[in-house]
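# An overview of the molecular structure
Single-letter residue listing:
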Amino acid sequence: MSKCVVIGVTGGIAVYKALDVISALRKKDIEVHVIMTESASKFVNPLTFQSISQNMVVTDMFAEPKAWEIQHISLAQKADLMLVAPCTANVLGKVANGIADDMLTTTIMATKAKVVFAPAMNTNMYENKIVQNNIQKLKSFGYEFIEPASGRLACGDIGKGKLADVNTIVERVLFELEDKEQDLKGKKVLISAGPTIAPIDPVRYITNRSTGKMGYAIAEEARDRGAEVTLVSGPTNLEPPKNVRIINIRTNEEMKKEIFENFADSDIVIKSAAVADYKPKEYSKEKIKKGEGDLNLCLTRDNDILKMLGESKTHQILVGFAAESNNVIENANKKLINKNLDFIVANDITASDTGFGSDDNKVIIISKDNKAMHLDKMSKKEVASNIFDMILGKR
Ligand code: CTP
């Protein structure tokens, strides 16, 4: 049966790009319904959207219904997915704060389908703390985002805020609509995510920039494909994924303990955590007082958990990550061999729009038999999907 996407179009200069998204989805036989805000209809006439989507375009909540149905409820129920592209700061703000005062915002509020926002706005607006706060709030409620791109904006400014590429949006919609095959049913998947911390004294610690987003995306993908998932996570600001067993840890030692407790039982183990390699040689029980001169901190090596897993693995498929700033493939390959892995996912951490903190990633997945899958920049969820496809030999 064909899938149905309800596309919310809000008022921004990128409105016309939504036409290309709709056209691409129609070519895939996806039913598309468009809801435009009043300001969007000032940029492009709703008639154009009607012709491309081959459906009536809804703008006015109080227009005469064509059939006896309450439109915002009927579209909300009909949708397999809602996409808001381009999405203004105004609409993000409304939804984040529970305001439903037009057809689009009421439909978003009424739907049980997944809602994906593709924001587009001026860089300063996008970076505004209020907007960023709204985005975080929406994410914590399970709304999803396609990050805007960087470049020259319509207003002449250069920076982040351009509507993501049409292809990126279309691919993401297709990905979200896919009926997930339950190809990990019966499998136990163990995942590590986020940073670890190495305490110096009761108030100070050393850590790194990992946000845990990649590992959490892997956990969600494994769960959606039917696996029983255990996620061992360092401190993050992310919402714990539903129906995933989550174990929170702080230090390298705690992560090692939890990972090993669950290792024997697991079929697939994916270590996406950024584990600290060093910790202070002496932990000071008292807060260290400042002195006159420099303070030398002596660091000592901590466990390489993944290497230890590689040495003791039996039947498990073991997947590591390699965060590299140079010679990405060469360094990743060394880790693949040294740590006795089945796969390694390598990423270049110097790229500014992917990697740490971003919703996107650009990786190469390398197998122990030297197959390499070079992936374009894509959402971390899509990267996760490719990792499992590779593990299951579907790629
Ligand atoms: N890893 C681990 N324990 C560590 C360090 C890393 O289990 N003490 C795991 C990570 O979870 C990741 C892989 O090893 O899956 C590679 O991590 P990375 O930080 O890229 O490499 P390192 O082995 O620490 O090497 P280096 O920092 O020298 O690049």
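Just so it is clear, the model here is predicted, and its values are computed rather than measured.

The rules behind these values
- Residues numbered from 1 in each chain as written.
- Predicted model: local features only at pLDDT ≥ 70, side-chain atom pairs only at ≥ 80, totals over all residues.
- Heavy atoms only, no water.
- Helix = DSSP H or I, 4+ residues; strand = E, 2+ residues; numbered from the N terminus.
- Buried < 20%, exposed > 50% of the residue type's maximum accessible area, 1.4 Å probe, protein only.
- Contact = heavy atoms within 4.5 Å.
- Areas by Shrake-Rupley, 256 points an atom, 1.4 Å probe, with all protein chains shown as cover.
- Lys, Arg positive; Asp, Glu negative; His and termini not counted.
- Charge placed at Lys NZ, Arg CZ, Asp CG, Glu CD.
- UniProt positions renumbered as here; feature names shortened; annotations may be inferred.
- Domains from an automatic or database assignment.
- Buried area = accessible area lost by both parts, 1.4 Å probe.
- Salt bridge = Lys/Arg side-chain N within 4 Å of Asp/Glu carboxyl O.
- Polar contact = N/O pair within 3.5 Å; in protein donor to acceptor, adjacent residues only side chain to side chain.
- Near = heavy atom within 4 Å.
- 1 Å grid on protein atoms, 1.4 Å probe; cavity = no way out; pocket = protein on both sides within 12 Å on 5 of 7 lines; lining within 4 Å.
- Sits in = over half its atoms within 2 Å of the grid points.
- Pairing = 2+ DSSP bridges.

## What to know about the overall build of the chain
- Looking only at helices and strands, the chain has 14 helices and 22 strands in total.
- Residue burial in the chain is summarised as follows: out of 395 residues, 51% are buried.
- In the chain, the share of contacts with a sequence separation of at least 24, taken over all contacts with a separation of at least 6, comes to 66%.
- Accessible surface, the chain as shown: approximately 19,900 Å² in total, 49% of it carbon and sulfur.
- On the chain, the mean spot of the 53 positive side-chain charges and the mean spot of the 52 negative ones are 2 Å from each other.

## Quick word on the UniProt feature "active site" (unreviewed entry) in the chain
- In this structure's numbering, the residues bearing the UniProt feature "active site" (unreviewed entry) are Cys155.
- Relative to the elements of secondary structure, Cys155 occurs in the loop between β7 (149-152) and β8 (158-162).

## Describing the domain arrangement of the chain
- Splitting the chain by domain gives domain 1 (4-177) and domain 2 (188-285 + 296-392).
- Using only C-alpha atoms to locate each centre, domain 1 and domain 2 end up separated by 34 Å.
- Buried area between domain 1 and domain 2, summed over both chains or domains, comes out near 790 Å², and the portion from carbon and sulfur atoms is 44%.
- When the area that domain 1 buries against domain 2 is broken down by residue, the three leading residues are Glu147, Arg172 and Phe175, summing to 57%.
- Across the domain 1-domain 2 interface, the total number found is two salt bridges.
- With a closest N to O distance of 2.9 Å, Asp359 and Lys139 form a salt bridge.
- Between domain 1 and domain 2 we count three residue pairs in polar contact (both at pLDDT 80 or more) in total.

## Focus: the side chain of Glu176
- Mapped onto the elements of the fold, Glu176 is located in helix α9 (residues 166-177).
- Of the residues examined, Glu176 reaches a relative accessible area of 16% and is grouped as buried.
- Contacts of Glu176, omitting those with residues within four sequence positions, involve Leu81, Lys114, Val116, Glu144 and Lys381.

## Observations concerning unusual backbone geometry
- Omega for the bond connecting Ala85 with Pro86 falls within 30 degrees of zero, at -10°, which places this linkage in the cis form.
- For Asn243, which is not glycine, the phi dihedral falls at a positive 55°.
- Along the polypeptide, Asn243 turns up in the loop between β12 (228-233) and β13 (245-248).
- Even without glycine at this site, Asn340 takes up a positive phi of about 55°.

## Quick word on the site of the ligand
- In the vicinity of the ligand there are 16 residues, among which Lys271, Ala273, Phe321, Lys335 and Lys339 approach most closely.
- In the environment of the ligand, an oxygen atom lies 2.7 Å from a nitrogen or oxygen atom belonging to the backbone of Ala273.
- Between the ligand and Lys339 there is a distance of 2.5 Å, counted from an oxygen atom to a side-chain nitrogen or oxygen.
- When atom positions are compared with the pocket grids, the ligand is found to occupy the second largest pocket.

## Quick notes on the pairing of strand β20 (residues 363-367)
- Most of β20 is tucked away, with five of its five residues classed as buried.
- Every second residue of β20 is oriented toward a common face, with Val363, Ile365 and Ser367 on one face and Ile364 and Ile366 on the other, all of them buried.
- In the sheet, strand β18 (residues 343-348) pairs with β20 via five bridges, with the strands oriented antiparallel. Bridge pairing in β20 places Val345 opposite Ile365.
- Once β20 ends, the chain turns through four residues before running back antiparallel as strand β21 (residues 372-374), passing Asn370 with a positive phi of about 70°.

## Brief notes about the pairing of strand β9 (residues 188-193)
- The buried fraction of β9 amounts to five of the six residues, a majority that puts the element mostly inside the structure.
- Of the strand pairs in this sheet, β9 and β12 are connected by six bridges, and their pairing is parallel. Following the sheet pairing, Leu190 is matched in β12 by Thr230.
- As judged from the four bridges shared by β9 and strand β14 (residues 268-271), these two strands associate in the parallel manner.

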